[in-house]
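One-letter residues, chain by chain:
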Amino acid sequence: MCQHQPACPTAHSADREAARLVAHHPEQGWSLLCNGVLLFEDTGELLPDGQIIAPHRPLTAASVTTAA
């Protein structure tokens, strides 16, 4: 799918999010990468074969609750 040189990472590579943007729609919360991955604003992903990658946004200090 990718025509870039050097080629972008494949959809099943660990670094798949490093592929170049083909379409970016921040108002809708998604981007399409040249390897066919749909990357969502919440960091979830949809791979070209239909596999779903759950959101993996790191926890921030504001969202971590500690017991008193």
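This text follows the structure it describes.
All of the points below concern the structure found in this document. What you see is a predicted model; the values in this text were computed from it and never measured.

This next bit is on the overall build of the protein chain. Of regular secondary structure, the protein chain possesses zero helices and five strands. The buried share of the protein chain, taken over its 68 residues, is 25%. Taking all contacts inside the protein chain whose residues are at least 6 apart in sequence as the whole, residues at least 24 apart take part in 22%. Carbon and sulfur atoms make up 60% of the accessible area of the protein chain, which totals about 5,000 Å².

Attention now goes to the pairing of strand β2 (residues 30–33). Residues S31 and L33 point to one face of β2 and are all buried, whereas W30 and L32, pointing to the other face, are not buried. Relative to β2, strand β1 (residues 21–25) is paired through four bridges, and the arrangement is antiparallel. Each bridged residue has a counterpart across the sheet, and for A23 the counterpart in β2 is L32. In this antiparallel pair of consecutive strands, β1 and β2, the connection spans four residues, and G29 shows a positive phi of 85 degrees. Between the end of β2 and the start of strand β3 (residues 38–40), which pair antiparallel, lie four residues, with G36 showing a positive phi angle near 90 degrees.

Parameters at a glance
In every chain, residue numbers begin from 1 and rise along the written sequence. With the structure being a predicted model, the display of local features is reserved for residues of pLDDT at least 70 and the display and counting of side-chain atom pairs for 80 or more, all residues being used for whole-chain, interface and lining totals. To get the side-chain values, all heavy atoms of the structure are used, and hydrogens and water are removed first. A run of DSSP states H or I qualifies as a helix once it reaches four residues; a run of E qualifies as a strand once it reaches two. Both are numbered from the N-terminal end. Type-normalised accessible area, obtained with a 1.4 Å probe on protein chains alone, sets the label of each residue: buried when under 20%, exposed when over 50%, and partly exposed for intermediate values. Should any heavy atoms of two residues lie within 4.5 Å, those residues are considered in contact. Using the Shrake-Rupley algorithm and a 1.4 Å probe, accessible areas are obtained, with residue cover drawn only from the displayed protein chains. A pair of strands is treated as paired once DSSP finds two or more bridges between them.

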